[in-house]
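# Inside the fold
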Amino acid sequence: MSAKADDLLFAPLGGVGEIGMNLALYGYGRGRQRRWIAVDFGVLFGDEERLPGIDLIMPDIRFLESERKNLLGIVLTHAHEDHFGALIDLWPRLEVPVYATPFTAALLEAKCAGERGAPKIAVTTVPCAGAITLGPFRVEFVPVAHSIPEAHSLAITTPAGTLVHSGDWRIDPAPVIGPPTDERRFRALGDAGVLALIGDSTNAIAEGVSLSESEVAATIADIVANARGRVAVTTFASNVGRIRAIAAAARAAGRRVVIIGRAMERVIQVARETGHLDETQEFLPADAFARLPREKVVALCTGSQGESRAALARIAQGDHPIVTLSRGDTVIFSSRTIPGNDKAVGAAINGLVTQGVEVITDRDRAVHASGHPRRDELRAMFSWVRPKVFVPVHGEALHLAKHAELARSLGVPEIVTCRDGDLVHLAPGRPGIVDELPHGRLYKDGRLIEEETAKAVVERRRLAYAGCVFVALALGAKGELADDPVLELIGIPEKDSRGADLAGRVSDVVTETFDTLPKARRRDPDAVAEAVRRAVRAFVAAEWGKKPLCAVHVLEV
Ligand SMILES: [Zn+2]
Ligand SMILES: [Zn+2]
């Protein structure tokens, strides 16, 4: 290795330590000559309890903003939200070229078209299995099976060596759409020499291999063929292979497919335009549901995660404007419940069961397959590419650790376990973490993007838990109370444990606190507000056992 050899670096800004908001950086060069490419730009879905009102969480891209001039582009592996969902909000901060295959590019465009004020993102379309050159990086798209069309691993070749960034993948000898994972290409890359594998750890805990999409298709076909009433199926809208399997099952049973939900309509249109639903029967719009006899319909619905505004939750609550189900009908959850959505999915299932509907989930039949590799599939990838260095990504701590342990057991010479924000040196010489980059999370709060440290979310969580006391005081010219304090208690019980009016008692506390203040301090509105705030919170905490927020306004009259 020459002393002047340039550094090859890897730095995840998201997706390593959590499943979601994937954003990986690869760097090549030294000092001011260093250039970067970003792989994927994803979101993480919010957690209502911990972060009330936050729909999406995105990686903090301060570092990329500071390196904007050296960032050659963003390459997308596939169109799942955890890989491209942050572009609409964050791309305007960078305005660098984006590279994606046709389906991913078209879905991004359709998403932008459906969102008010979305930026005009400069996407360059790369053919499936194609390659691009960005400065010192040659990026080859290697087809893999996953749960969305046109998923690709990236083989990134630099003067310091070749990296395989697996992206989301699995081995499926019989995927319903698209080519299977390109084993021959991975083997060829391995024969030529792979420096490092950066690999998907989602299912690194699970032994064996994932169920084939073809088996899932056969199970769904069997259920639809034997159903007597209406059938509704919910799945991830982007799982076009599954949609195609459902359409085939319906056709075989002499049923028509009706699309229920906007996300599903959008994906189906994009899939048609990009050739992924050729030869599939026509899908009917939602209003066709009412016209079709019950044994002639399959409703393809959004809402597999129990999302309250999506089609399935509304059907389960009996308040969908078009679709109603009843005894004798069947609903198939052709999906996995994402951790955190269990309660919402449970509520939807219970709503359906209450209506007399038979519900089939992946606990009952093989109606869903994961899009991620289990341990035997991971073993196969290691045997194909034979990397010198392995870095587990796309997983929580446990997944990453299990994947690292598997690599070690297979004899991979160097394993680097890192986390979001770590700067990993891959070559030349020994690999390892050499620095930490600015990193963190951004919150999408309504239409605004907030920093992780922003007050608003912390306050909302406290409001949700312990309410707020509003106090207004009027101070006279001599520093006396010009009138009784005005109070409003929001989200706080009305009576104390003895049944006395809590607001009245708080009002007494406000007056007493004011009266005990030294004369000089009574003329200082800020001092009065602070003293009252402390006293009110302490009093309510003692009575109730919870400390509310308190806002005090002091007016001088
Ligand atoms: Zn993913
Ligand atoms: Zn994915």
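Residues numbered from 1 in each chain as written. Chains lettered and ligands numbered in written order. Predicted model: local features only at pLDDT ≥ 70, side-chain atom pairs only at ≥ 80, totals over all residues. Heavy atoms only, no water.

### A closer look at the pairing of strand S18 (residues 330–333)
Selection criterion: Remark: exposure states derive from per-residue accessible area (1.4 Å probe, protein chains only) relative to the maximum for the residue type, with buried under 20%, exposed over 50%, and partly exposed in between. Going along the chain from the N terminus, every DSSP run of H or I of four or more residues is numbered as a helix, and every run of E of two or more is numbered as a strand. Any two strands with at least two DSSP bridges between them are considered paired. We call a crossover right-handed when, viewed with both strands directed away from the observer, the connection leading from the first strand over the helix to the second proceeds clockwise.
Residues Thr-330 and Ile-332 point to one face of S18 and Val-331 and Phe-333 to the other, with burial holding for every one of them. For strand S14 (residues 231–234) and S18, the ladder comprises four bridges, and the chain directions are parallel. Its bridge partner being in S18, Ala-232 is matched across the sheet by Val-331. As defined by bridge partners, S18 adjoins strand S19 (residues 358–360) across three bridges and the pair is classed as parallel. Counterpart to Ile-332 in the pairing with S19 is Ile-360. Handedness of the crossover is the feature at issue here: the chain leaves S18, passes through helix H10 (residues 342–354), returns alongside S19, and the resulting connection is right-handed.

### A few points about the coordination of the zinc ion (ligand 1)
Going by this rule: For Na, K and Ca the donor cut-off is 3.2 Å, and for all other metals it is 2.8 Å, counting N, O and S atoms only; because water is absent from this set, sites may look incomplete. By the criteria applied here, four donors are tetrahedral when all angles lie between 85 and 135 degrees, four are square planar and six octahedral when opposite donors are over 155 degrees apart and every other angle lies between 65 and 115, and any other arrangement is irregular.
Protein coordination of the zinc ion (ligand 1) is provided by Asp-82 (OD), His-83 (NE2), Asp-168 (OD) and His-394 (NE2), with donor distances spanning 2.1 to 2.2 Å. Metal-centred angles of 86 to 157° between the four donor atoms at the zinc ion (ligand 1) mark the site as irregular. In primary sequence terms, the donor set of the zinc ion (ligand 1) follows D-H-x84-D-x225-H. The distance between the zinc ion (ligand 1) and the zinc ion (ligand 2) is 3.5 Å, with Asp-168 acting as a donor to both metals.

### Here we look at the coordination of the zinc ion (ligand 2)
Surrounding the zinc ion (ligand 2) are the protein donor atoms His-78 (NE2), His-80 (ND1), His-146 (NE2) and Asp-168 (OD), which sit 2.1 to 2.3 Å from the metal. Taken in chain order, the donor set of the zinc ion (ligand 2) reads H-x1-H-x65-H-x21-D.

### Observations regarding the packing of helix H14 (residues 502–516) against helix H16 (residues 525–544)
Stated formally: Between N-to-C directions, angles cover 0 to 180 degrees, with each direction set by a line fitted to C-alpha atoms, over the stretch in contact for helices. For classification purposes, an angle smaller than 35 degrees is called roughly parallel, one larger than 145 roughly antiparallel, one from 65 to 115 roughly perpendicular, and anything else oblique. Each helix crossing is assigned a hand: it is left-handed if the near helix lies turned anticlockwise from the far helix by less than a right angle, otherwise right-handed if that turn is clockwise. The contact criterion used is simple: two residues touch if any of their non-hydrogen atoms lie within 4.5 Å. Side-chain classes follow a simple rule in which Ala, Val, Leu, Ile, Met, Phe, Trp, Tyr, Cys and Pro form the nonpolar group, Asp, Glu, Lys and Arg form the charged group, and the remainder, Gly included, forms the polar group.
At a minimum axis separation of 9 Å, H14 and H16 run at an interaxial angle of 140°. In terms of their interaxial angle, H14 and H16 are classed as oblique. Regarding H14 and H16, the two cross each other, and that crossing is right-handed. Where H14 abuts H16, its residues Leu-502, Arg-505, Val-506, Val-509, Val-510, Thr-513 and Phe-514 lie against Val-528, Ala-531, Val-532, Ala-535, Val-536, Phe-539, Val-540 and Glu-543. Among the residues making up the contact of H14 with H16, the classes are represented as 12 nonpolar, one polar and two charged.

### Observations concerning the sheet that holds strand S4 (residues 44–45)
The strand order S4-S5-S24-S25 describes an open sheet built from four strands, whose pairing is antiparallel. The sheet terminates laterally at S4 and strand S25 (448–451), the two strands that pair on one side only. Judged from the two bridges that link them, S4 and strand S5 (residues 54–59) form a sheet pairing that is antiparallel. Paired with Phe-45 across the bridge in S5 is Leu-56. Each of S5, strand S24 (441–445) and S25 is contacted by helix H13 (residues 455–466), which is oriented at about 65° to S24, the strand it contacts most.

### Considering the environment of Val-270
Note on placement: Val-270 falls in helix H8 (residues 262–273). Spatially, the C-alpha atoms of Val-270 and Asp-6 are 42 Å apart, while their sequence positions differ by 264 residues. Leave out the neighbours within four places in its chain, and Val-270 touches Phe-103, Ala-106, Leu-107 and Ala-110.

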